[in-house]
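# Structural overview
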Amino acid sequence: MIGVFDSGIGGLTVLKALAEHFPQENFLYLGDTARLPYGTKSPETIRKYSEQVMNYLADQQVKALVIACNTASSQVIETHWQKLPVYTVIEPGAQKALRETKNGRIGVLGTRTTIQSAAYPLSLEKTATAEGRTVETFSQACPLFVPLAEEGLVDDPITNLIAFRYLQPVLQQGVDTLILGCTHYPLLKKSLQRVCGNQVTLVDSGTALCERLEKDFQNGVLKKEVGAEAERKIKALSTDLSPHMKSWALEILNPLQIHEFHSIDLV
Ligand code: DGL
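Just so you know, these numbers come straight off a predicted model, no measurement behind them.

Here we come to the layout of surface pockets. Approximately 570 Å³ is the volume found for the largest pocket. Taken together, 24 residues form the lining of the largest pocket, with Val76, Ile77, Thr88, Ile90 and Glu91 sitting closest to its centre. When residues of the lining of the largest pocket are traced back to their parent elements, those giving at least two are strand E5 (84–88), helix H4 (90–100), helix H6 (119–130) and helix H10 (205–218). Residues belonging to the lining of the largest pocket are distributed by class as follows: 10 nonpolar, nine polar and five charged. Of the voids in this model, the second largest pocket is the one considered here, and its volume is about 210 Å³. If you go around the second largest pocket, you meet 21 residues; those closest to its centre are Pro37, Tyr38, Gly39, Thr111 and Val146. At the level of elements, helix H3 (70–73) and helix H7 (145–151) are the ones that each hand at least two residues to the lining of the second largest pocket. The element best represented in the lining of the second largest pocket is H7, accounting for three residues. Counted by class, the lining of the second largest pocket contains 10 nonpolar, eight polar and three charged residues.

So, in structure tokens, the structure goes:
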């Protein structure tokens, strides 16, 4: 079973990508919805919350920890936690963006804390330097995107307007690639692509992460489940579960089924 953690239900976009890519794997998802948003909180608080969630998932006997949340990823540098491999979204997202860009100008969208951490620009710079390339990054915090996505206003005039406001300064820099550095942003993809136009490539962490895990399944770091696809289970837990959240979560994951969905107390 693979543990997937996000601050809310946005991480279901990552879970969906993983669950579709690895149809035999079991997943345990934990959304810390009672304490959402993480993106406006201090690095110390996010670090404390992340440790609590990683300890909880480790106690559930998962074989790997996927930190789908970009904000949490920006505060977790460990590659292992309680001897389990830890996968964050920053490096895979940065590497994918570097593979996509043609002009070396990359935009990064994220929560305030993710943008302030400079985790993406640092990772882009590191990989580009290792490859003997140059890259220019242009970052933009988009704090209003998370509540829009949590509310399900994914293709709405209000979302288009706010997307235009946030994206305009980055687009004016001539970026050809845009990192959706938050689990919630892929839900707003339609609006974002409309504002960017088709000449800008949107990179989301879910697909980038699949490639990273695929590598570790192939080199034996992760052991594959041997059961049939029909037998695999997807369980979801959240620290708060309102009826709205439950139905929106099921819609995001559709056509995948959640076999168990209930709330837990973390502390
Ligand atoms: N899940 C968070 C991320 O990917 C965004 C939501 C939040 O602010 O908690 O950065």
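A word on empty space enclosed by the protein. All told, the structure shown has one cavity of 30 Å³ or more when counted by the stated rule. Gly8, Ile9, Leu12, Tyr29, Gly31, Thr33, Ala236, Leu237, Ser238 and Phe261 together form the lining of the largest cavity. Counting only elements with at least two residues in the lining of the largest cavity, the list comes to strand E2 (27–31) and strand E10 (234–238). Among the elements that take part in the lining of the largest cavity, E10 stands out by supplying three residues, more than any other.

Across all of its chains, the model carries 14 salt bridges by this definition. Salt-bridge contacts for Glu225 lead to Lys63; the nearest nitrogen and oxygen are separated by 3.3 Å. Here the residue Glu225 occupies a position in the loop between H10 and E10, and Lys63 occupies one in the loop between helix H2 (43–59) and strand E3 (64–67), the gap between them amounting to 162 residues. Among the ionic pairs, Lys190 bridges to Asp155, the shortest N-O distance being 4.0 Å. Linking Lys190 in helix H9 (residues 189–196) with Asp155 in the loop between H7 and helix H8 (157–171), this pair joins segments that are 35 residues apart in sequence. Sharing partners across several salt bridges, the network here consists of Lys96, Arg99, Glu100 and Glu211.

Let's shift gears to the packing of aromatic side chains. Evaluated as defined, the whole model comprises five aromatic pairs. Considering the side-chain rings of Tyr38 and Tyr49, the 5.4 Å spacing of their centres and the 50 degrees angle between planes classify their relative orientation as tilted. Here Tyr49 lies in helix H2 and Tyr38 lies in the loop between E2 and H2, a separation of 11 residues in the sequence. Overall, Tyr38 belongs to the buried group, its relative accessible area being 1%. The rings of Phe5, Tyr38 and Tyr49 are connected pair by pair, giving a single aromatic cluster. The lysine or arginine in question, Arg35, covers the ring of Tyr49, its NZ or CZ lying 3.7 Å from the ring centre.

Close to the ligand lie 14 residues; Asp6, Ser7, Tyr38, Gly39 and Thr71 are nearest. Taking Asp6, its side chain carries an N or O atom lying 2.7 Å from a nitrogen atom of the ligand. One nitrogen or oxygen atom from the side chain of Ser7 is found 2.6 Å from an oxygen atom belonging to the ligand. More than half of the atoms belonging to the ligand lie within 2 Å of the grid points that define the second largest pocket.

Before going further, it helps to spend a moment on the packing of H8 against H9. Running from N to C, H8 and H9 point in directions that differ by 50 degrees, and their axes come no closer than 9 Å. One finds that H8 runs oblique with respect to H9. Note on packing geometry: the crossing formed by H8 with H9 is right-handed. Contact residues: Thr159, Asn160, Ala163, Phe164, Leu167 and Leu171 in H8; Ser191, Leu192, Arg194, Val195 and Cys196 in H9.

Conventions adopted
Residues numbered from 1 in each chain as written. Predicted model: local features only at pLDDT ≥ 70, side-chain atom pairs only at ≥ 80, totals over all residues. Heavy atoms only, no water. 1 Å grid on protein atoms, 1.4 Å probe; cavity = no way out; pocket = protein on both sides within 12 Å on 5 of 7 lines; lining within 4 Å. Points joined across faces, edges and corners; volume = space filled by probe spheres on them. Helix = DSSP H or I, 4+ residues; strand = E, 2+ residues; numbered from the N terminus. Nonpolar A, V, L, I, M, F, W, Y, C, P; charged D, E, K, R; others polar. Salt bridge = Lys/Arg side-chain N within 4 Å of Asp/Glu carboxyl O. Phe/Tyr/Trp six-rings, centres within 6.5 Å; stacked < 30°, edge-to-face > 60°. Buried < 20%, exposed > 50% of the residue type's maximum accessible area, 1.4 Å probe, protein only. Lys NZ or Arg CZ within 6 Å of the ring centre and 35° of its normal. Near = heavy atom within 4 Å. Polar contact = N/O pair within 3.5 Å; in protein donor to acceptor, adjacent residues only side chain to side chain. Sits in = over half its atoms within 2 Å of the grid points. Axes fitted to C-alpha atoms, helices over the stretch in contact; angles between N-to-C directions. Parallel < 35°, antiparallel > 145°, perpendicular 65-115°, else oblique. Left-handed = near helix turned anticlockwise from the far one by under 90°. Contact = heavy atoms within 4.5 Å.

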